[in-house]
Amino acid sequence: MTTPRRVLSGMRPTGALHLGNYHGALRNWIELQYEYDCYFFVADYHALTTGYEDTSDLEANSWRIVIDWLAAGVNPSVATLFIQSKVPEHAELHLLLSMITPLGWLERVPSYKDQQEQLKEKDLATYGFLGYPLLQSADILLYRPMYIPVGEDQVAHVEITREIARRFNFIYGREADFEAKAERAVKNLGAKKAALYRDLRRAYQERGEEHSLGEARALLEGNSRLTLADKERLLGYLEGTGRTILPEPEALLTATPKVSGLDGRKMSKSYGNTIGLREDPDAVAAKLRTMQTDPARMRRTDPGDPEKCPVWDLHKLYSTEETRRWVDEGCRSAGIGCIECKKPLIDRVVEDVTAMRQRGREFEENPDLVRGIIAEGCEKARAVAGQTLDDVKQAMGLGYR
Ligand code: TRP
Ligand code: SF4
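Every value quoted in this text rests on a predicted model; they were computed, and no experiment measured them.

Calculation rules
All residue numbers here refer to positions counted from 1 along the written sequence of the relevant chain. To read the labels, note that chains go from A and ligands from 1, taken in the order they are written. Side-chain atom pairs in this predicted model are given and counted only at pLDDT of 80 or more, local residue features only at pLDDT of at least 70, and totals for whole chains, interfaces and linings cover all residues. Calculation of side-chain values draws on the structure's entire complement of heavy atoms; hydrogens and water are dropped beforehand. In these notes, residues near a molecule or strand are those with any non-hydrogen atom within 4 Å of it. We define a polar contact as two N or O atoms separated by no more than 3.5 Å, with the added condition that, inside protein, one atom must be a possible hydrogen donor and the other a possible acceptor, whereas residues neighbouring each other in sequence contribute only through side-chain atom pairs. Here a helix means four or more residues in a row that DSSP labels H or I, a strand means two or more in a row labelled E, and each is numbered from the N terminus. Here the nonpolar group is Ala, Val, Leu, Ile, Met, Phe, Trp, Tyr, Cys and Pro; Asp, Glu, Lys and Arg are the charged ones; every other residue, Gly included, is treated as polar. Axes here refer to lines fitted to C-alpha atoms; in helices the fit is confined to the stretch in contact. Angles between the N-to-C directions go from 0 to 180 degrees. Under this scheme an angle from 65 to 115 degrees is roughly perpendicular, one under 35 degrees roughly parallel, and one over 145 degrees roughly antiparallel; angles in between are oblique. The handedness criterion is simple: a crossing whose near helix is rotated anticlockwise from the far helix by less than a right angle is left-handed, and one whose near helix is rotated clockwise is right-handed. Whether two residues are in contact is decided by their heavy atoms, any of which lying within 4.5 Å being enough. For every residue, the accessible area obtained with a 1.4 Å probe (protein chains only) is divided by the maximum for its type, and the residue is called buried under 20%, exposed over 50%, and partly exposed between those limits. Cavities and pockets are found on a 1 Å grid laid over the protein atoms alone: a cavity is a set of points where a 1.4 Å probe fits but cannot escape, a pocket is an open set with protein on both sides within 12 Å along at least five of seven lines, and a lining residue has an atom within 4 Å of such a point. For a cavity or pocket, the test is whether more than half of a molecule's atoms lie within 2 Å of its grid points; if they do, the molecule sits there. Between any two strands, at least two bridges found by DSSP are needed for them to pair. Without a salt bridge and with relative accessible area above 30%, a residue can belong to a patch; like charges are then joined within 9 Å and nonpolar side chains (Val, Leu, Ile, Met, Phe, Trp, Tyr) within 5 Å. Computed with a 1.4 Å probe, the accessible areas rest on the Shrake-Rupley method; for each residue, only the protein chains presented here act as cover. When a carboxyl oxygen of Asp or Glu is within 4 Å of a side-chain nitrogen of Lys or Arg, the pair counts as a salt bridge. As used throughout, the charge tally considers Lys and Arg to be positive and Asp and Glu to be negative, leaving His and the chain termini uncounted. Charged groups are reduced to one reference atom each: NZ for lysine, CZ for arginine, CG for aspartic acid, CD for glutamic acid. For the purposes of this description, domain bounds are those given by an automatic or database domain assignment. Buried area: the accessible area, evaluated with a 1.4 Å probe, that two parts lose upon being put together, summed over both parts.

Taken together, 13 residues are adjacent to ligand 1, and R12, Y132, Q136, D139 and Q154 come closest. One of the side-chain N or O atoms of Q136 is found 3.0 Å from a nitrogen atom in ligand 1. Sorting the residues of the shell around ligand 1 by element identifies β1 (6-11) and α8 (132-141) as the ones contributing at least two each. Examining the composition of the shell around ligand 1, we find that 4 residues originate from one element, α8, more than from any other. Broken down by class, the residue content of the shell around ligand 1 amounts to 6 nonpolar, 5 polar and 2 charged.

With that settled, the discussion passes to the packing of helix α3 (residues 58-72) against helix α17 (residues 338-364). Following both chains from N to C, one finds α3 and α17 inclined at 130°, their axes separated by 8 Å at the closest point. Taken together, the axes of α3 and α17 lie oblique to each other. Judged by the twist between their axes, the crossing of α3 over α17 is right-handed. Contacts from I67, L70, A71 and A72 in α3 reach M356, R359, G360, F363 and E364 in α17. The residue makeup of the contact of α3 with α17, split by class, is 6 nonpolar, 1 polar and 2 charged.

Turning our attention to unusual backbone geometry. Backbone geometry places R144, a non-glycine residue, at a positive phi of 40°. Checked against the element boundaries, R144 lands in the loop between α8 and β4 (147-150). Backbone geometry at A334 places phi at a positive 60°, although glycine is not the residue there. Structurally, A334 can be placed in the loop between α16 (321-332) and α17. The class of A334 is buried, set by a relative accessible area of 15%.

What follows covers the site of ligand 2. Around ligand 2, the neighbouring residues are T293, D294, R297, C309, V311, V327, C331, C338 and C341. In this structure the site holding ligand 2 corresponds to the largest cavity. Counting residues per element, the ones that place at least two in the shell around ligand 2 are α16 and α17.

Right, let's talk about the pairing of β4 for a bit. Residue alternation in β4 divides its side chains into two sets, Y147 and P149 and I148 and V150, and both sets are buried. As paired strands, β4 and strand β5 (residues 250-253) are joined by 4 bridges and run parallel to one another. Following the sheet pairing, P149 is matched in β5 by L252.

Turning our attention to a negative patch on the surface. A surface patch of like charges, here negative, comprises E53, D54, D57 and D123. Mapped onto the elements, D123 comes out in the loop between α6 (110-118) and α7 (127-130).

This part is about the domain arrangement of the protein. Note on interface size: it is often stated as the accessible area lost on association of the parts. You can read the domains of the protein as domain 1 (6-172 + 367-395), domain 2 (178-239) and domain 3 (278-364). A C-alpha centroid distance of 29 Å is found between domain 1 and domain 2. Contacts between the two partners involve 4 residues from domain 1 and, on the opposite side, 5 residues from domain 2. Both faces considered, domain 1 and domain 2 share a buried interface measuring about 360 Å² in area, 55% of it formed by carbon and sulfur atoms. The three residues of domain 1 that bury the most area against domain 2 are R144, M146 and D391, which together make up 82% of that side's buried surface. Inspection of the region where domain 1 meets domain 2 yields 0 salt bridges. Summed over the shared surface of domain 1 and domain 2, the result is 0 residue pairs in polar contact (both at pLDDT 80 or more). Taken together, the residues of the side of domain 1 that touches domain 2 sort by class into 2 nonpolar, no polar and 2 charged.

Okay, here's the thing in structure tokens:
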């Protein structure tokens, strides 16, 4: 009965996705797409904030990441896929929000100083880089989503998004007689829905039931009898005072398993220790055969400790319980060697990578299909984003023509 709740997430197109990206984010997207109304986009503007000097790969990387998603199982018939720079509303909302964003908020986001430290070779003392989290806020708020699936590293960005939304609603959503107007709007819902709205509001306000907030939002979303202003009042009335033009989203923290890279450090492009999602199977097998193991296990006869072995982290992701038991016992007793131990893992990873290559190839060979998916997604995204932007401009006094 209720409209499915919206979820939004993006990735920067910085090169081929690897197994770390798959287990850290993509796998989760693929699950969410069947449960929520998902919007997934290529954050090409965000790639420019750090990679502005050499943009020669930007276009190829954008198409590649889309194909990586499709190859991994993102399903364009249920999820909406688009490219940020093809939906100009992102840039416009970013500009409008910049008017109300205190500089200190941006300077305090941890990734600002961290990244400047880490990417010393690049000059990141730019206006665009400082604005990275605000652009992300615009990305998010345009779609008025319920949830933002992100890893730990992005939580601060969702947090600032919530602060920006709150500030926006506070500045542009204030009105005299708010309560009276909200009460009148509740009555306009009709007896049945009004009662449901009141129940859900109480459940959220008195018992903090987040799902009631979600259900109430969905109830309002799907109601065509409400005027826009009343809808915003009722959204605001759920949470506090004032109209809610931009609802606050919530981070949906992805349980991220540890994906170890070939050298034992976290799998990451910047360490050069990755296995690509669609890498050549022979190359994948070769990489795994030389992958770091428990450093204490120097000889075949030395017992090992899986907990100290990066290969074990991959077994946890790919192997059955039975295989894992065999590894654990064999390793600790020196009953099996590392080559032997890696064998079933290699088979499983190669099987997965091969399947993704296969699916990826079908899209590689049919670029018109990929363009069509993105064109359709951009169109759908623009319809949603355009509506929000209209509301924002109206609230900011820019509704005139
Ligand atoms: N900053 C995100 C990352 O590096 C990418 C991103 C941009 C994003 N805009 C977003 C993620 C909006 C979620 C929602 O991973
Ligand atoms: Fe790692 Fe397996 Fe070797 Fe043990 S036997 S050290 S788990 S690769």
